[in-house]
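Residue-level structure breakdown
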Amino acid sequence: MKTLMVFDFDHTIVDDNCDTWVIQSTPNKCLPVSLAETYQKGRWTEYMGRVMSYIGDQNVTPESIRSVMTTIPFTDGMVELFTFISRHKNDIECIIISDANTLFIDWVLQGAGIRSAFDKVFSNPGSIDSRGYVTVQCYHSHDCIKCPINMCKRKILEDFLEDQDKTGVKYARTIYIGDGGNDLCPLKCMREEDIAMPRKGFTLERLLLAGVETKDGTPLKPRVLAWSSATEILSELKALIQ
């Protein structure tokens, strides 16, 4: 059976946040205070819709935005990791679950030549409308009270595994790699044979060190292995499949 690799995007695959990186495409490389102050907790994607509308109003073209997005830095070792994964697709399936958007993610991955490493990308739908503006929509609605209104990563992972199971696809293990608070929820549906890999020094690791539990009060099941460079992830992956 294959190993399933599940990746967050911002501050995991890339070493920054693409939703703030895009601001470099604006003429002044900053947002008006009046726009920045419209953000409401848990409604980031709706806020980004307003940001992208503002960027479009500044006559910034999608081509210019794409050019800026392809300059976002990758986290150390990630390109090498995905090059390895691309060469071992018989053993590894790889997906992204991210609260960024599909357009930015595709632009970044294609720019680095590593899009082929990924079987699916689950993220907020990004597109270019008839005006030539980049638009972003919320991924889905859900009933999880712990997650942002537009995305519960646990539900996405559970639905994916259920759909795969219906087609006869099962995984020897799932490895989840992330950094943020919204990466905690999917760990709660993982098994003892799975591995949770929080980035060292980021929110997810701090939550795990604090001893978070599942919703029924039992400890999380997956083994926890923190990382600071993707070379550590690659070493673990090689040990598992070779």
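Further up the page is the structure itself.
Rules of the game
- Residues numbered from 1 in each chain as written.
- Predicted model: local features only at pLDDT ≥ 70, side-chain atom pairs only at ≥ 80, totals over all residues.
- Heavy atoms only, no water.
- Pairing = 2+ DSSP bridges.
- Helix = DSSP H or I, 4+ residues; strand = E, 2+ residues; numbered from the N terminus.
- Axes fitted to C-alpha atoms, helices over the stretch in contact; angles between N-to-C directions.
- Parallel < 35°, antiparallel > 145°, perpendicular 65-115°, else oblique.
- Left-handed = near helix turned anticlockwise from the far one by under 90°.
- Contact = heavy atoms within 4.5 Å.
- Nonpolar A, V, L, I, M, F, W, Y, C, P; charged D, E, K, R; others polar.
- Salt bridge = Lys/Arg side-chain N within 4 Å of Asp/Glu carboxyl O.
- Buried < 20%, exposed > 50% of the residue type's maximum accessible area, 1.4 Å probe, protein only.
- Polar contact = N/O pair within 3.5 Å; in protein donor to acceptor, adjacent residues only side chain to side chain.
- Core = buried A, V, L, I, M, F, W, Y, C linked by side-chain atoms within 4.5 Å.

1. Quick word on the sheet that holds strand β3 (residues 120-124)
The 6 strands are arranged β3-β2-β1-β6-β7-β8 in an open sheet whose pairing can be described as parallel. The open sheet has two edge strands with one neighbour each: β3 and β8 (223-224). The pairing of strand β2 (residues 92-101) with β3 spans 4 bridges and is parallel. Bridge pairing links I97 to F122 in β3.

2. A short note on the packing of helix α4 (residues 62-69) against helix α6 (residues 102-112)
Running from N to C, α4 and α6 point in directions that differ by 60°, and their axes come no closer than 9 Å. Judged on the interaxial angle alone, α6 and α4 are oblique. Crossing hand, α4 versus α6: right-handed. On α6, the residues touching P62, I65, R66 and M69 of α4 are F104, W107, V108 and Q110. Here the residues of the contact of α4 with α6 are counted per class, giving 6 nonpolar, 1 polar and 1 charged.

3. What about the packing of helix α5 (residues 78-86) against helix α9 (residues 230-241)?
Between α5 and α9, whose axes approach to 8 Å, the crossing angle comes to 20°. Between α5 and α9, the angle is such that the two are roughly parallel. Crossing of α5 against α9: the hand is left-handed. Across the interface between the two elements, M78, L81, F84 and I85 from α5 touch A230, I233, L234, L237, K238 and I241 from α9.

4. Side note on the pattern of salt bridges
Taken as a whole and judged by the stated rule, the model has 15 salt bridges. Across the salt bridge formed by K155 and D159, the nearest N and O atoms sit 3.3 Å from each other. Of the two residues, K155 and D159 are both situated in helix α7 (residues 153-166); the distance of 4 residues between them amounts to about one turn of the helix. On the accessibility criterion, K155 (32% relative accessible area) is partly exposed. A salt bridge links D194 to R191, with the nearest nitrogen and oxygen atoms 3.0 Å apart. Taking the relative accessible area as the measure of exposure, D194 reaches 2% and is therefore buried. Here the residues in one salt-bridge network are D8, K153 and D183, joined through shared partners.

5. Comments concerning the side chain of T3
With respect to the element layout, T3 can be found in strand β1 (residues 2-7). We classify T3 as buried; its relative accessible area is 1%. At a separation of 2.6 Å, a polar atom in the side chain of T3 contacts the side chain of R173.

6. Here's the deal with the nonpolar core
Core analysis: the largest hydrophobic core is formed by 51 residues, its most contacted members being F7, I65 and F82. Per element, the largest residue contribution to this core is 6 residues, and it comes from α6. Filtering out sequence-adjacent residues up to four positions away, I65 remains in contact with V22, S25, M52, I55, V60, F104, W107 and V134. Membership of the second largest hydrophobic core comes to 18 residues, among which are M151, L157, F160 and L208.

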